[in-house]
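Spelled out from the first residue to the last, the chains are:
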Protein chains: 2
Amino acid sequence: KKGKRGIVENDLFKQDWRSRKKNQIFQYVVLKWALVLLIGLLTGLVGFFNNLAVENIAGFKLVLTGDLMLQKRYFTAFLAYGGCNLVLGATAAALCAYIAPAAAGSGIPEVKAYLNGVDAYSILAPSTLFVKIFGSILGVSGGFVLGKEGPMVHTGACIANLLGQGGSRKYHLTWNWLKYFKNDRDRRDLITCGAAAGVAAAFRAPVGGVLFALEEAASWWRSALLWRTFFTTAVVAVVLRALIEFCRKGKCGLFGQGGLIMFDLSSNVPSYGTQDLIAIIILGVIGGVFGGLFNFLLDRILRVYSIINERGAPSKILLTITISIITSACSYGLPWLAACSPCPVGSMEECPTIGRSGNFKSFQCPPGHYNGLASLFFNTNDDAIRNLFSRGTENEFHMSSLFVFFIAIYCLGLVTYGIAVPSGLFIPVILAGATYGRIVGTLLGPMSDIDPGLFALLGAASFLGGTMRMTVSVCVILLELTNELHMLPLVMLVLLISKTIADCFNKGVYDQIVVMKGLPFMEAHAEPYMRHLVASDVVSGPLISFSGVEKVGNIVHALRITGHNGFPVVDEPPVSEAPELVGLVLRSHVLVLLSGRNFMKEKVKTSGSFVLRRFGAFDFAKPGSGKGMKIEDLDFTEEEMEMYVDLHPITNTSPYTVVETMSLAKAAVLFRALGLRHLLVVPKTPGRFPIVGILTRHDLMPEHIHGLFPNLRKSH
Amino acid sequence: KKGKRGIVENDLFKQDWRSRKKNQIFQYVVLKWALVLLIGLLTGLVGFFNNLAVENIAGFKLVLTGDLMLQKRYFTAFLAYGGCNLVLGATAAALCAYIAPAAAGSGIPEVKAYLNGVDAYSILAPSTLFVKIFGSILGVSGGFVLGKEGPMVHTGACIANLLGQGGSRKYHLTWNWLKYFKNDRDRRDLITCGAAAGVAAAFRAPVGGVLFALEEAASWWRSALLWRTFFTTAVVAVVLRALIEFCRKGKCGLFGQGGLIMFDLSSNVPSYGTQDLIAIIILGVIGGVFGGLFNFLLDRILRVYSIINERGAPSKILLTITISIITSACSYGLPWLAACSPCPVGSMEECPTIGRSGNFKSFQCPPGHYNGLASLFFNTNDDAIRNLFSRGTENEFHMSSLFVFFIAIYCLGLVTYGIAVPSGLFIPVILAGATYGRIVGTLLGPMSDIDPGLFALLGAASFLGGTMRMTVSVCVILLELTNELHMLPLVMLVLLISKTIADCFNKGVYDQIVVMKGLPFMEAHAEPYMRHLVASDVVSGPLISFSGVEKVGNIVHALRITGHNGFPVVDEPPVSEAPELVGLVLRSHVLVLLSGRNFMKEKVKTSGSFVLRRFGAFDFAKPGSGKGMKIEDLDFTEEEMEMYVDLHPITNTSPYTVVETMSLAKAAVLFRALGLRHLLVVPKTPGRFPIVGILTRHDLMPEHIHGLFPNLRKSH
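Residues numbered from 1 in each chain as written. Chains lettered and ligands numbered in written order. Predicted model: local features only at pLDDT ≥ 70, side-chain atom pairs only at ≥ 80, totals over all residues. Heavy atoms only, no water.

Student: Whenever I open this one, the state of the cysteines confuses me. Can you help?
Tutor: Two cysteines, two sulfur atoms, one covalent bond between them: this is a disulfide. All names here are of chain A. By the definition in use, this model includes 2 disulfides over all chains. The side chain of Cys-340 participates in a disulfide bridge whose partner is Cys-365; the two sulfur atoms lie 2.1 Å from each other. Across the S-S bond of Cys-340 and Cys-365 the torsion is about -95 degrees, and the bridge reads as left-handed. A residue pair is termed long-range when its members are at least 10 positions apart, and Cys-340 in the loop between α11 (313-333) and β3 (341-342) and Cys-365 in the loop between β3 and β4 (369-370) qualify at 25 residues. By relative accessible area, which is 28% here, Cys-340 ends up partly exposed. (Disulfide = S-S within 2.5 Å. Helix = DSSP H or I, 4+ residues; strand = E, 2+ residues; numbered from the N terminus. Buried < 20%, exposed > 50% of the residue type's maximum accessible area, 1.4 Å probe, protein only.)

Student: Please explain the domain arrangement of chain A as it appears in this structure.
Tutor: By convention, interface size is frequently given as the accessible area that disappears when the constituent parts associate. All names here are of chain A. Partitioning chain A into domains gives domain 1 (30-249), domain 2 (275-311 + 334-517), domain 3 (523-539 + 660-715) and domain 4 (547-653). For domain 1 versus domain 3, the distance between C-alpha centres works out to 38 Å. Taken residue by residue, the interface counts 8 residues in domain 1 and 6 residues in domain 3. Where domain 1 abuts domain 3, roughly 580 Å² becomes buried across the two surfaces, and 25% of that area is made up of carbon and sulfur atoms. Counting the surface domain 1 buries against domain 3, the share from its top three residues, Asn-116, Gly-117 and Trp-220, is 62%. In this structure, the connection of domain 1 to domain 3 is made through 0 salt bridges. Our count for the domain 1 to domain 3 interface comes out at 5 residue pairs in polar contact (both at pLDDT 80 or more). (Domains from an automatic or database assignment. Contact = heavy atoms within 4.5 Å. Buried area = accessible area lost by both parts, 1.4 Å probe. Salt bridge = Lys/Arg side-chain N within 4 Å of Asp/Glu carboxyl O. Polar contact = N/O pair within 3.5 Å; in protein donor to acceptor, adjacent residues only side chain to side chain.)

Student: What exactly am I supposed to notice about the sheet that holds strand β11 (residues 679-682) of chain B here?
Tutor: Residue and element names in this part refer to chain B. The 3 strands are arranged β10-β11-β12 in an open sheet whose pairing can be described as mixed. Each edge of the sheet is formed by a strand with only one pairing partner; in this case those strands are β10 (657-659) and β12 (693-695). Pairwise comparison of adjacent strand axes, ignoring direction, gives a mean angle of 35 degrees for this sheet. Note that β10 and β11 share 3 bridges and pair parallel. Counted as the bridge partner of Val-658 is Val-681 from β11. Sheet strands touched by helix α24 (residues 664-673): β10, β11 and β12. Its angle to β11, the strand with the most contacts, is close to 150 degrees. (Pairing = 2+ DSSP bridges. Axes fitted to C-alpha atoms, helices over the stretch in contact; angles between N-to-C directions.)

Student: What's the story with the packing of aromatic side chains in this structure? I'm lost.
Tutor: Given two aromatic rings, one states the distance between the centres and the angle between the planes to describe the pair. Residues and elements named next belong to chain A. Overall, the coordinates contain 58 aromatic pairs over all chains when judged by the stated rule. Feature note: the residues Tyr-74, Phe-78, Tyr-81, Tyr-332, Trp-336, Phe-363 and Phe-378 constitute an aromatic cluster, connected by ring pairs. One residue, Arg-672, lies across the ring of Trp-220, its end atom 5.1 Å from the ring centre. (Phe/Tyr/Trp six-rings, centres within 6.5 Å; stacked < 30°, edge-to-face > 60°. Lys NZ or Arg CZ within 6 Å of the ring centre and 35° of its normal.)

Student: Help me understand a nonpolar patch on the surface, please; the structure alone is not making it clear to me.
Tutor: Together, Ile-278, Ile-281, Ile-282, Val-285, Ile-286, Val-289 and Phe-505 of chain A give the surface a local cluster of nonpolar side chains, amounting to about 580 Å² of exposed area. Along the chain, the position of Val-289 of chain A falls in helix α10 (residues 274-309). (Patch = residues over 30% accessible without salt bridge, like charges linked within 9 Å, V, L, I, M, F, W, Y side chains within 5 Å. Areas by Shrake-Rupley, 256 points an atom, 1.4 Å probe, with all protein chains shown as cover.)

So this is what it looks like as structure tokens:
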């Protein structure tokens, strides 16, 4: 049996580092690990910086307002409070609107789409990173009902992208040795690590970060990736731990004294009976309904907002200012509705608290009294959650206060997400869910053995299950946030129920936003109607293919009139005996080859050696976001246009193919499972032109298929 | 553009429930969830029963021996202790050797291979399940250095298989409505859930179970599976929680009073400085070395054992008895080496303890004294781990005791795994690792702020990282076992280091056992040398294909002389104009079709309608383990052998194909990513026979390829 050794993909591929010597592979591996380390380090630092800045800015604002209130200058206090919020919010919106519109919102849907293979440029650009970091700080400090975790995920992904593509050419920050990672897979790996690091930094939940990346962010998963994300989040955890230890010595201004666990609830074993279980099941069902409703309403509001936001930067800023004023009015105005309560006797905590955080806010109350609603509204979101989760404080919040807060937060969360500010959804959902849970706990009161603080945890779980539809990652994140392992079985139960209920109504919130943004996201499974079609049914447009040795003019023409990124290469007589499929060339590689201008007068096959002399593998590497060569950049003389160029050296001779009669469902599974960008469709019967067409991501989108076959029964 | 509607896979497929009406799909979905629920329920019950039985049997044994020792009848005590162990061990070995040899060992490698697509019959059979449950109880009660978690994973998988295939025909336990799941994917899904439930039940770690299934067990992962395993383990958690609550009332004999958390360490925030970090890094490095060494030695010992075990059941039992005696001698004999220590003053715990568990075993010591080494040896493994992890007991164990225990457990763990008893590796590794960590902690003593109990936790993490090479799942399992969230960053750090170090030496222990057992496990990545080969290079054996309408005699002959499970079907003139590939038929489907005996005199294509009349889709469903039809079961007359049968209705017309010149690396990736069993290789140039060969799992194994191309540079 003979062994055909040698090049089976293409010459370029052979030049690539992968096929090189051992020490180069070693270099690559070390570099990749070093990068992952760096991603963890930087994301950890940014996460800590964000936290530190927010605590200090929001703290300053709250202390200032508190002081004015102590002097009974209530209107001035409102102006100071609302004014701070307005300035912070408007600055964030201006940053977003003028510098990086892609930085608005959570960023998780975009990262998810990128990891699914959608190259939406600019979503991971350096300017987005900059705005995301500072916009998020300003937005959270500005008192909006939004969180920092979505933006942190996006920030981590941006950091990973920036490092992975070797810096930014636009800002003249480049490291040549980082050009190693110019292919899709390595990029996706690094960005997955970045996303995991983001969650780890936002929630101080390293394992939760890994699981988030796995469950929500990534579309392809390998066990190697698990190991790599684990490494990244471990680095984040170590960095955060060290910095928090440093701050414990009081060098960080108003930064809190808390440890690595954000809302530590750990305590004795809670006990619960059958009646509690029934209450919890009902809590899960209602939480699922509220979650589904949240997604439904958010979708409507985002559609309205997108019309406003499309009018340009001033409208965006105006919308943000409006929401900022409404939020300030709610936070400052609504607590006036609540009556003052006397401080509990023998409480461990200071009461009333005048500083920035604390369970018992003084607000307008006389000494020895506190305002429960102000403890929730007139606080940072993190502190409000901490108060809701707090145990042994059964009677701290009046039922009416909780109701008012719940309605206000649910609505503010809905109207805040779409504004032009980096905004996470986790915190608003946890906040609303915790209030809901606390309401249930207070209602049940002495009928239940479970503390209202634990009910708040279960309520938060039910809302998270109902909107995000994540399971394991939410479970672990809540565990890492609260250090309450005893509640794990109940949290799992609630998540199960609320996700199941909400799944009856609509999709998860991030999936919904991906669809709304029109990103061509490929689902892991094939739709049932695809079983009734074959691959050739959905091939679109006239086929454009190149000869193995093609006239330059034809290539330039084809590149100009189409936007295709891949072209089949077919050898025809006299180069081969009969028309024969050679493989696939990528637009970007053709452009690089053309720029070399090594053309021939005759249509003959070359040895291809000049390509290897003229170019390095790096020249053909996938460029960073949006900075590849364009056909418009190249000019050719009339004479050159009549010459020939040999495409064989840059042709991938092992493209994946399917026969035209292949079930479309199976072709789609192949496409998705292997993460392809092009799938060649070949004829079944001999004697025809050796290629029928190319399938791309867009050809497999439901909209495209339903457009071609309007009568196709829609799947449910 | 015309739309070719209708059947694109094959007629049978259309008959399958998937393509049927909505209510049938609904039925299937409900059934699948009900099954998953049942798997969780049963595994939870079995896990609890196992635990209960072990606690009572081992407790009885220890109490009996303790009483005899109190009466100073030391030799009788040894006979009682060693005798109990011997009887328990020999019974377990006899069960294994005579009823189900597949039940010996951990079972995790087998489950892993099954989920990779290796159909090793009998590993999930009902007899295996029976022996696994009772053998594990006997083995653990018998004082061996082995755990119950591997066997629980196997048990969960067996339960899932039994339910999924609708009971067992052999034992006349069948439910017809459960025949829905007779395909590979549904089976694998259920068995993955079973494996997750096993870990959840063994460690009472529901989230750890999901992650174990994801990280170690499953080869293909979909987000739907995450959700399903999460559901299963949530059920397990709820079941366990309820049963433990029930036992708290004292109705379960010697069953402990502990809650859902097995080794609860939760406490105040531990603080640590730079010198601790350095100590922990060194601990991780050494732990990695010990872990790698463990794998290396285990491999050697298993090879020796396999020679002994191959001699038949009596040798197996003899080997088990030998190990049982050695273990009893160590557990009973070695504590005599240790001096008695006075009980600590002001300890919260009873000292000395005479009953079954407790930190301070009396053993041979006078009143007011305890024997530290006996607290470790003369206890169940779970209790020994609990003692090692215990905090605030710095001086409980002498350095010499710890050393003796470490060496004994490390060696006993190595020699115990290969005996014919269901045996998990987690517990021995945790035990050895915890002792190692405790030694380090005691050595550092006052130099470190960290309690030796926490060092024991870190030591266990380092050994687990060094042998199992899991990361996230070990991390979460340890977290769920100990409820010590504060140590998470350190545990992650230690895991990182020890895994990295051990990966330099060899593979993870389960992977190693899979290789040693000769199971054809497919790795997720292609080996580098595959880039130098093309698909047609490794196609083995002469190609056997059928005509679309084939003579019965030819089919019977082909089925008799080969063991192939798939055959290409090619239409030839006069059925088609030119030879044309129709698709692929499976051996099992052909056998079912032949058994219908609807043969024709002429070689003509039929409408195929008789197949649909004669058979239901269930008739063609994949049979349960090893109970499919065989060609030897069918007899045909001379006349029938000369007749024809139409294979078109049962041919899969959409098989995955690759061109013969496709890079073997890419073909292997396709094969693995889609979980194929057959991959058709088609010719590149027209005019040849339309199929070159079939690639199966075995053609892609490194051994096969290196056999064909001995000069191929081996990969590293």
